[in-house]
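Read off the chains here:
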Amino acid sequence: MRPKPWRPFQAILFMASPEKKQDYPFVDIFDEDEAEKSFLLSKPTCLIILGKPGTGKKTLARKIAQLWKCTLIEALEVIEENITAGTEYGLKMQELLFGGQSIPEELITKMILKKIESPEVAHFGYVLSGFPSLSEEYMTISEQIEKIRNLKLKPNFLINLKCPDYDLCQRLSGQRQHPDAGQIYQRNQWDPEIIDKRKKKKNQHKGEDEEEEEEEEQEEEDEAAADAIMLSDILPHLVQRPEDFLENAEARINLYKDTMLYPLEDMMAEQDSQYLIELDGNKHPNELFASVIARLQSMGLRNGALITRLQNPEEELSEGMETDELFRTLSSFKIIAPRYRWCRSRWGRACPVALKEGNIVMGLPDLAVSFLGKIYLFSSQEALREFMLNPRPYLLPPMPLPPCKVVVFGPPLSGKTTLCNWIANKYKGKVLDMDKLIQPCMEEARKKIIEQARIDAIDVAITKVKNKLEIEKMLKEQAAIDAQETGSYKETDEYEESEATKPEEERSMEEQSRDTRSDTSKEKTDNSSEQEAESSVDTKDTTEDTSTSRTDGEGTTEELNEDTSINTSESEVTADHPEVQALVEEAVKIAAQSPIMLPAEVYPEVLEKAITELTKKNKDRFPGAPEKGGWVLDNYPTTSEHWLVLSEKGLLPDTVVCLKNIEKNGIFLLRRLYLTNKDEINYKILERLTDEALKKQKEEEETRRELQEVLKLKEESQQPVKPAEDQYEKYEEVEEHSPLETEQTAQMQSVDSKEEPKLKESGDKPPLETEVIPQVQPDRTKGVVEPKPEPEIMLPEFPEDGFPDVPEIEPFKEKIKLFMHDWQILEPGINDSSLIQTAVLEIAGQTPETLLNQIVLVMEKPFKYYGWEISAEDLDEEADDLQAEGEADEELEEEEQEENDEDEDKINEKKRHMGDTKHFCPVSLKENFILFPGIAEHGAIYREKFYYFSSPESREKFLENPEEYVAHKEPLQAPPLRVCLLGTHGAGKTICGRWLADKLGIFHIQFEERLQEMIMPKTEKRVGPEFDEEPEEDQIDMEALFQELGDSSQTNTETETESESAHENESNKNKEMKEVVLTDEEEIIKANIVDNEALTPEVLDKIVPEWWTKEPIRSTGFILDGFPRTFEEAQYLSERGLCPDVAVFIQVEESDISDRLLPPRLKKWRDRQNKKMENKKKLKDMKEKIKF
């Protein structure tokens, strides 16, 4: 039985054959995006039409431009276009024409050259006619030809119209012009004689071809109507232009031959012959046009791609429409054919023109166009106009590309700065670190603060120093008054010396205390100013007298001089005073260390300036780089206020990245913080533990000392005072002059010597206190003399992937909590903008490269194709397209109705545009390298192509990242050939499988042989009905007979030896069989081989999947012989997704099987029978010998 799901695989039977291998079995070798890129990079078709005046250059150029979608460049066309558009040249020409002047040749030439260099021509190409010109008013003919050679868009083809001079003169002289319309008519269009001749000629050929009679009649009717109008209405008004007079026409032709012919022949000689087209000018313009188009098509050139406006005046599209609904609506506007709707582009709703400038702006539904089969939306009329002129710059790679406007948030040491550098390196941008950008503003603000602090501090310091000096003066004067009143000059002198030698700290303390009493001192000074003046004079006189009386020279004269200088400088305290400068420097130092808080508006201004400077160099980042963008912002914004100001300035990013560590309560980030600050944290931990240990030790010592004091008091209360004092004094002496052990020994001896008499007298035991004292006092002494060694401090243990959870980690936890709090406040403001992509990433277990890949995926997601599940709307659109296609092609519909074997749904499925993997599941092919047939119910659409999947889970994987499962630069690799070879036993599966595997170069696997190999290490032989031998009854009888005989029989030694050996072998076999213990899995395999019991899925999981998943079989292919054998085994393959590419069932007649299997079976049976007969004969002979 062959399972139903394998039926579609039979077409791939010879896929892996080396003789005939299909190179691209799944996808077209021409990728759609590559073809589009090739077209956008290609040079547009450019043609120049040359020839004598009047050969029809302009007529041919107009026809070619109309069909080939090129831009017609001709003097009259350029003049009309500039006047209509109101350009600078157009306004100037209007002024000349209104003044009755002709347009100078210089102006016409400049307009033609400017048109050739326009964006429109760069996309569509051009057909140039009438240049070079016969007029050499502005440029000579040689200069005009040199201009053509140096054009940026050089002509691909030169078309030369040849015509004899006589025929050309006749044609020119027969031309007439309508004065009002300006239309030119040839002789055959207005001459009545020629019109009559043409009618007569057609009447002669009438009736020769009956099939074309109806068409000819219609054409004749149209021509007759046109001729009637011509002869009746137009002919009377036609006039002949002066340049069409015969003599003037001949003069123009001669001028062409004399001045232009030879230079043009030189230029045509330089042209490649296959790009030079020479035509007969006497032929009809339609014939000339057809021959040129055929030549262009034969060269493989593509005509210009038009841009179609997708606008339906009957249906208005609102900006609030969902993206899917909008694209469904636009895809049906102005479609070129049924089932060929407009596709979605990688730009989505983003405007290509704005994106090229570096801005992500959503387009408007009313400004939608189709180009190269895809839909594009634009944000403004100006952007649409620029795109319509030349779409190539906006669609060429690397577009669409995110402009790279990124802001990265993250707690300390989360790796945000490293990630900023990676992102900037990826997009060739620059990291804008706000901490560095704002530093100049910080320094400037700090300078202003310091300068202001200096100004304020100078006034305060001068006032303070003046007050200090006044207080000092007042105190000295008061001291002098007190000394004069008491008559003690010595005290005054000592006071001055003490003041001079007093430390600075004490002076400052006194100054502070004096400041608090300055008000009262001033009042006192005001009330007794006169007395102080008199006392100061008296003090001075006294000082002078005393100084003359002294002979030791103790320096009182110098001190008086210093006091005099102080008094004179009190009124002259300025900013240069040392004390003032010291106070000012202290104030400046405090101001320099104070934090700087800038207004929120300063940061966007600094950022805007940096971005402006960056924009000037943006185009040098890489070819095709947008003007704006290319920056990654670090360390800003930090608050919602900063974000609001940034939004007002229009400097919002396109992508916001937030790095977090939520797993396991942020253990990853905390460990990183600990490792970075390990030395500092460990030092603080050890310092804290040491302090705690010392504190604990101190508490223990205090407790011990208190206990000793209690014991000492008890001892003193029980002993006489004097002995106790003597003992304590002796103890202290020993403590001072001997080590600890000597002290203890002396103490014990002294106590024992004093207590022995009492013990002898009383004959009783000593009191409890007297026994304890010698043991307690050494401990107290030990605590004083030899302190205990400090306990060894160890760092707390923590897991290898963790950190010590100690109080020293709390500041880092607070920093992380502060960031999370700020992010929670900032996140709602970020999410308010629908154009900003937010990526919240977990940093635990991630590397910078993996984080970068996730960020790039988020940034580029809006510019990637995306898929969606097949919905009812998709099926309705498909039905409408099929109906329209059926109406357009009735013959195809009749053929489909004749196919009675397939229903309508299957026919429609066949018409679907399938994806790269056709009807196979792309996820199974990518992940498991297996062709698993997909189910239409589990389908999805990606880039307007249908994909089928094996399960809904596979479809979800595909929709998350479709590009991972489709072909890009090369087709998807097809798995090797996998064949299941089935058939009854004896059908020849093994022989056919070996031959086919050898032919195809793949593996041959025999399923039953594989089962035997799995249990043979224990059974040491094959099992199954074919390998089990029948027990030989004669051999058993012989063994029993030998047992009866025992060792008494010595005859027939050889027979006995053989029998013993056989008996020994049989016993060994039985022993081995008894010792073999099979596992449950091996028992199931043995039961399957022997009794045909089914193999469980668990056993099959250990056998079958490795042929699909493990090398080298996975990449080589195989032929599986004899599996599956039952419906359950086939269902197992389907459930596990292990699908072969083809299932071959070998059908053989029963007679062939019997003829093939019966002869060897009979031969084996005969051999066994012959052996039995021999054994019976031996047994009979042995019995006869025993009797005798």
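Throughout, a residue's number is its position along its own chain's written sequence, starting from 1. Under the rules for a predicted model, residues below a pLDDT of 70 receive no local features and side-chain atom pairs below 80 are neither given nor counted, while totals for whole chains, interfaces and linings still include all residues. Calculated side-chain values reflect all of the structure's heavy atoms, with hydrogen atoms and water omitted.

1. Observations concerning the packing of helix H12 (residues 246-259) against helix H13 (residues 261-270)
And then number 1: Axis lines are fitted through C-alpha atoms, for helices just across the contact stretch, and the angle between N-to-C directions can take any value from 0 to 180 degrees. Helix and strand assignments follow DSSP, with helices taken as H or I runs no shorter than four residues and strands as E runs no shorter than two, numbered in order from the N terminus. Between H12 and H13, whose axes approach to 4 Å, the crossing angle comes to 50°. In terms of their interaxial angle, H12 and H13 are classed as oblique. Here H12 contributes Tyr256, Lys257 and Thr259 to the contact with H13, which in turn contributes Leu261, Tyr262, Pro263 and Leu264.
And then number 2: Classification convention: Asp, Glu, Lys, Arg as charged; Ala, Val, Leu, Ile, Met, Phe, Trp, Tyr, Cys, Pro as nonpolar; all other residues, Gly among them, as polar. In terms of residue class, the contact of H12 with H13 is made up of five nonpolar, one polar and one charged. Between 65 and 115 degrees an angle is taken as roughly perpendicular, under 35 as roughly parallel, over 145 as roughly antiparallel, and anywhere else as oblique. Any two residues having at least one pair of non-hydrogen atoms within 4.5 Å are treated as being in contact.

2. Looking at the packing of aromatic side chains
And then number 1: Two rings from Phe, Tyr or Trp (for Trp, the six-membered ring) form a pair when their centres sit within 6.5 Å of each other. Planes less than 30 degrees apart are called stacked, planes more than 60 degrees apart edge-to-face, and all others tilted. Inspection of every chain in the model, using the stated rule, returns 18 aromatic pairs.
And then number 2: Ring centres of tryptophan 1108 and phenylalanine 1118 lie 5.0 Å apart, and the angle between their planes is 80°; on these two criteria the pair is classed as edge-to-face. Here tryptophan 1108 is found in helix H48 (residues 1106-1109), whereas its partner phenylalanine 1118 is found in strand E22 (residues 1118-1121), with 10 residues between them in sequence. With respect to burial, tryptophan 1108 and phenylalanine 1118 carry one shared label: buried.
And then number 3: A positively charged side chain is recorded as over a ring if its NZ (Lys) or CZ (Arg) lies within 6 Å of the ring centre. The angle to the ring normal must also be within 35 degrees. Between arginine 344 and the ring centre of tryptophan 868, over which it is positioned, the NZ or CZ distance is 4.2 Å. Burial here depends on accessible area, computed with a 1.4 Å probe over protein chains only, as a share of the maximum for the residue type. Under 20% is buried, over 50% is exposed, and the range in between is partly exposed.

3. Section: empty space enclosed by the protein
And then number 1: Put plainly, a pocket is an open set of points on a 1 Å grid over the protein atoms alone with protein on both sides within 12 Å along at least five of seven lines, a cavity is a set where a 1.4 Å probe fits but cannot get out, and a lining residue has an atom within 4 Å of a point. Grid points are joined across faces, edges and corners, and a volume is the space filled by probe spheres set on the points. On inspection of all chains with the given rule, the structure shows four cavities of 30 Å³ or more.
And then number 2: A volume near 40 Å³ is recorded for the second largest cavity.
And then number 3: Glu32, Cys343, Arg344, Lys374, Tyr865, Arg943 and Glu944 together form the lining of the second largest cavity.
And then number 4: Broken down by class, the residue content of the lining of the second largest cavity amounts to two nonpolar, no polar and five charged.

4. Let's talk about the state of the cysteines
And then number 1: Note on disulfides: each one is a pair of cysteine sulfur atoms within 2.5 Å. This structure, assessed with the given rule, holds zero disulfides.
And then number 2: Cysteine 46 takes part in no disulfide bond, and the closest cysteine sulfur to it belongs to cysteine 70, at a distance of 7.3 Å.
And then number 3: In this structure cysteine 163 is a free cysteine whose sulfur lies 9.1 Å from that of cysteine 169, the closest cysteine sulfur available.
And then number 4: Here cysteine 163 falls in the buried class, since its relative accessible area comes to 5%.

5. A closer look at the confidence of the model for the protein chain
And then number 1: Residues of the protein chain with pLDDT of at least 70 account for 75%, and the chain-wide mean is 78.
And then number 2: On a scale of 0 to 100, pLDDT captures the predictor's confidence in every residue. Counted against residues more than four places away or in other chains, residues 1047-1058, with its pLDDT under 50, gives seven contacts.

6. What about the sheet that holds strand E19 (residues 945-949)?
And then number 1: With respect to topology, three strands assemble into an open sheet ordered E17-E18-E19, the strand pairing being antiparallel. Only two strands of the sheet have a single partner each, and these edge strands are strand E17 (867-869) and E19. Each neighbouring strand pair of the sheet contributes to a mean axis angle of 35°, computed without reference to strand direction.
And then number 2: Pairing between strands is defined by DSSP: at least two bridges between the two strands are required. One ladder, built from four bridges, connects strand E18 (residues 935-942) with E19; its direction is antiparallel. In the sheet register, isoleucine 941 faces E19, and the bridge partner there is phenylalanine 946.

7. Topic: a negative patch on the surface
And then number 1: A contiguous patch of negative charge on the surface is contributed by Glu314, Glu315, Glu322 and Glu325.
And then number 2: When you line up the elements, glutamate 325 lands in helix H15 (residues 323-331).
And then number 3: With a relative accessible area of 45%, glutamate 325 lands in the partly exposed category. Like charges are joined within 9 Å and nonpolar side chains (Val, Leu, Ile, Met, Phe, Trp, Tyr) within 5 Å, but only among residues with over 30% relative accessible area and no salt bridge; these make up the patches. With residues, only the protein chains shown are counted as cover, and all accessible areas are computed by Shrake-Rupley using a 1.4 Å probe. By definition here, a salt bridge exists when the distance from a side-chain nitrogen of Lys or Arg to a carboxyl oxygen of Asp or Glu is within 4 Å. In this tally, Asp and Glu contribute negative charge and Lys and Arg positive charge; neither His nor the terminal groups of the chain are included. Where a charge sits is defined by one atom per residue type, namely NZ (Lys), CZ (Arg), CG (Asp) or CD (Glu).

8. Describing the sheet that holds strand E15 (residues 655-660)
And then number 1: The strand order across the open sheet built from five strands is E13-E14-E12-E15-E16, with neighbouring strands paired in parallel fashion. The sheet terminates laterally at strand E13 (430-433) and strand E16 (837-842), the two strands that pair on one side only. With strand direction ignored, the average angle separating the axes of adjacent strands in the sheet is 20°.
And then number 2: Packing against the sheet, helix H19 (residues 416-426) makes contact with strand E12 (405-409), E13, strand E14 (631-634) and E15, and its axis sits at approximately 175° to E14.
And then number 3: Contacts between helix H28 (residues 602-616) and the sheet are confined to E13 and E14, with E13 contributing the most and set at about 165° to the helix.

9. Concerning the environment of lysine 115
And then number 1: If you trace the backbone, lysine 115 turns up in helix H5 (residues 105-116).
And then number 2: Take lysine 115: its relative accessible area is 10%, and that puts it in the buried class.
And then number 3: Residues lysine 115 and threonine 71 lie 44 residues apart in sequence; the distance between their C-alpha atoms is 9.3 Å.
And then number 4: If sequence neighbours within four positions are ignored, lysine 115 has contacts with Thr71, Ile73, Glu81, Glu120 and Val121.
And then number 5: Definition of a polar contact: a pair of N or O atoms within 3.5 Å, with one able to donate and the other able to accept a hydrogen when the atoms are protein atoms, and with sequence-neighbouring residues admitted only if both atoms are side-chain atoms. Of the polar contacts made by the side chain of lysine 115, one reaches the side chain of glutamate 120; its length is 3.1 Å.

10. Comments concerning the pattern of salt bridges
And then number 1: Counted by the stated rule, this structure contains 48 salt bridges.
And then number 2: In this structure, arginine 1022 and glutamate 1009 form a salt bridge, with 2.8 Å as the shortest nitrogen-oxygen distance. One end of the pair, arginine 1022, is in the loop between helix H43 (1007-1019) and helix H44 (1033-1045); the other, glutamate 1009, is in helix H43, and 13 residues separate them in sequence.
And then number 3: With a relative accessible area of 27%, glutamate 1009 lands in the partly exposed category.
And then number 4: Residues joined in a network through salt bridges with shared partners are Glu32, Asp33, Glu36, Lys374 and Arg943.

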